[in-house]
Amino acid sequence: MPATSPSPARLECDLLVIGSGAAGLAAAVTAAHHGQRVILVEKEPVFGGATAWSGGWMWVPRNPLARRAGIQEDIEQPRTYLRHELGEHYRPELVDAFLEQAPQMVEFFERHTALSFVDGNGIPDMHGDTPGAATGGHQVIAAPCDGRLVLDLLPRLRKTMRETSFLGMPIMAGADLAAFLSMTRSPKAFLHVTRRFATHLYHLARHGRAMHLVNGVALVARLARSAADLGVTLMESSPARRLLLEDGAVRGAVVLRDGEELEIRAGAVVLAAGGFPNDAVRRKALFPRDASGQDNLALPPASCSGDGLRLGESAGGRVATDLRSPVAWAPVSRVPWSDGSFGHFPHIIDRGKPGIIGVLKNGRRFVNEAGGYYDYVDAMLGAVPEDEEACSWLICDHRFQRRYGLGFARPAPLPLWPHLRNGYLKRGRTLVELAEACGIDAAGLTTTVTAFNHHARRGEDPEFGRGSTPFNRRSGDALHRGPNPCVAPIERGPFYAVKVQPGCFGTFAGLRTDGQARVLNDQGRPIPGLYAAGTDMASVLGGHYPSGGINLGPAMTFGYIAGRHAAGVHGDA
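Source: prediction; values computed, not measured.

Thresholds applied
- Residues numbered from 1 in each chain as written.
- Predicted model: local features only at pLDDT ≥ 70, side-chain atom pairs only at ≥ 80, totals over all residues.
- Heavy atoms only, no water.
- Helix = DSSP H or I, 4+ residues; strand = E, 2+ residues; numbered from the N terminus.
- Rg over C-alpha atoms; globule rule 2.2 N^0.38 Å.
- Buried < 20%, exposed > 50% of the residue type's maximum accessible area, 1.4 Å probe, protein only.
- Phe/Tyr/Trp six-rings, centres within 6.5 Å; stacked < 30°, edge-to-face > 60°.
- Core = buried A, V, L, I, M, F, W, Y, C linked by side-chain atoms within 4.5 Å.
- Contact = heavy atoms within 4.5 Å.
- Axes fitted to C-alpha atoms, helices over the stretch in contact; angles between N-to-C directions.
- Parallel < 35°, antiparallel > 145°, perpendicular 65-115°, else oblique.
- Left-handed = near helix turned anticlockwise from the far one by under 90°.
- Nonpolar A, V, L, I, M, F, W, Y, C, P; charged D, E, K, R; others polar.
- Arc of directions from axis to C-beta.

Peer 1: Quick rundown of the overall build of the protein? Include the residues and the values.
Peer 2: Counting its secondary structure elements, the protein contains 16 helices and 22 strands. The C-alpha atoms of the protein give a radius of gyration of 23 Å, which matches the 25 Å a tight globule of 573 residues would have. Overall, the C-alpha framework of the protein stretches about 70 × 55 × 50 Å when taken along its three principal axes. Expressed as a percentage of its 573 residues, the buried residues of the protein come to 60%.

Right under this line is the structure:
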């Protein structure tokens, strides 16, 4: 049975975990399995952090699911890939700890917890021309979770991100999403979608929320179930205020509980509070092109605001800033809501489909749109002059929008008028009219589209090589009738556009740690009793983004490593 949340002025445990995303829950479950008394505190009223709003993919080379599918890979292959990708930011101790422990992490959770996985063996690494890049076998995702498995915990778990669900119905990356995108072209896909939606409506009527949990929500639900079953004390609405320090060692923290301070004494503390994507002060200092601290559109919840970093620094930890990037970029559009607020939509799927391009204010392309989301924003920031707003526009025609959707404007049969009326979507009968509506140079846009179409009719993109890598082609449309699944002309008006700005999945600049996830002081020595994982830990990959899932894969792995080390477990125990 899950432990209740006690309320005395002082508690004691072996391990205190601050934060309830994948890293924090992984550390709590691992330590509890090894006999530790664990308390996990979360400042929000719900558990899940940024993980619950993520796609849930984890980059785990040499994972057990890939091996069971016959994909055998020596550790030197992903090591070679990362060595070439990271360059001067390659830290052997961290990379080796990740590559060696990540497969064991998956095996541990499969064998001992409620967490089970689905493979992403068909998903390639992002940069297929880098030595060591794999064409598959590096990805896993939590298996869908029936909400009844966590019925007692469900009100305490964060729901799916509003912008990436449909009437509260989450859609799983992979075959489920493919069915939704092809429902107007495939009777089988249409039947799948009809069944999914009918089931969702029943769940809304019966339970008031989605019960078919997928992606990051499924990962959090399965980890929370495991934590509760192992006796972890789960305390929501309990922000950590300060660490308890004794003779240079961390021995717990003071949290705010029901308006009063509660002292939690612990043998060790794991910081996993979600980095600083919503900390305006640190963003202004570290993010490029973020003069206000709010110029970039962060996808994580507002609660991910730098608490863990500040706590770590108070104990002598240091935030690493010598990274390729302090932020995990993602292209994001602002979604206007009827109450005057705005949501954030991540453009992960649409950019790789045939019949869309990204252009700047001058109307010109600047990147291979079918490449990685990090790469799109990185290229955009490099191409936009410093004195101009950092943004771009995704441009498509009517056929594309009705088939794939454009950002938050869903494909057929859903209507377009709400998005046109609120200004999210721009439309023009001609490219010139569209350019005028967006403030784009009309001559530049027409010239760009004319040149693009000339080659696209043959499935070619000589300017940026779209469709030239396995990752590109995976991002395209396998049902597209043409030689290149990523390329098609843009020629059937009306034409549509959506404004895309720099956004992020989270941050890379975190507390410097060693291979055991121990926080290091300014002399490079471990601070006794203090660990960091997830985005409170400096990027294992040096601020690079070599593949999808490189946030959650290391988060789960170093949460697992921290939990084992804090429990005194070594070797294969």
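Continuing now.
Peer 1: Requested: an account of the packing of aromatic side chains, with residues and values cited.
Peer 2: Counting across every chain of the model gives 14 aromatic pairs. With a centroid separation of 4.9 Å and an interplanar angle of 55°, the aromatic rings of F400 and Y404 are classed as tilted. With F400 and Y404 both in helix α11 (residues 398–404), this residue pair falls four residues apart, about one helical turn. Each of the two residues, F400 as well as Y404, counts as buried. Grouping aromatic residues by their ring pairs yields a cluster made of Y373, Y374, F505, F508 and Y545.

Peer 1: Describe in detail the nonpolar core, supporting the description with residues and values.
Peer 2: Membership of the largest hydrophobic core comes to 140 residues, with the highest contact counts inside it found for L16, I18, F109, M556 and F558. By residue number, the principal contributor to this core is helix α4 (residues 92–112), which donates 10 residues. Leave out the neighbours within four places in its chain, and F109 touches A26, V29, T30, L115, F117, L223, M556 and Y560. Formed by 19 residues, the second largest nonpolar core is a distinct cluster that contains I357, A370, A456 and F495.

Peer 1: Any chance you could break down the side chain of H203 for me, citing the residues and the numbers?
Peer 2: Secondary-structure assignment places H203 in helix α6 (residues 187–207). When near neighbours in sequence (up to four residues on either side) are disregarded, H203 contacts G208, R209, M211 and H212.

Peer 1: Got a sec to walk through the packing of helix α13 (residues 431–438) against helix α14 (residues 442–456)? Specific residues and values, please.
Peer 2: Running from amino to carboxyl end, α13 crosses α14 at an angle of 135°, the nearest separation of the two axes being 9 Å. Considering their axes alone, α13 and α14 lie oblique with respect to each other. Along this stretch, α13 crosses α14, giving a crossing that reads as right-handed. Residues L431, V432 and A435 of α13 lie in contact with α14, whose contacting residues are A442, L445, T446 and V449. When grouped by side-chain class, the residues that make up the contact of α13 with α14 number six nonpolar, one polar and no charged.

Peer 1: So what's going on with α13? Which residues, and what values?
Peer 2: The set of residues buried in α13 consists of L431, L434, A435 and C438. In a view along the axis of α13, the buried residues occupy a sector of 100°, so they form one face of it. G439 occupies a position one or two residues after α13 and carries a positive phi of about 80°.

Peer 1: Which residues make up the environment of Q501, and what values go with them?
Peer 2: Locating Q501 in the fold gives a position in strand β20 (residues 495–507). For Q501, a relative accessible area of 11% puts it in the buried group. The spatial distance from the C-alpha of Q501 to the C-alpha of V332 is 5.4 Å, given a sequence separation of 169 residues. If we skip the residues at most four places from it in the chain, Q501 touches D295, L297, A330, P331, V332, R334, M380, E389, A390 and C391.

Nothing here speaks to function; it is all geometry.
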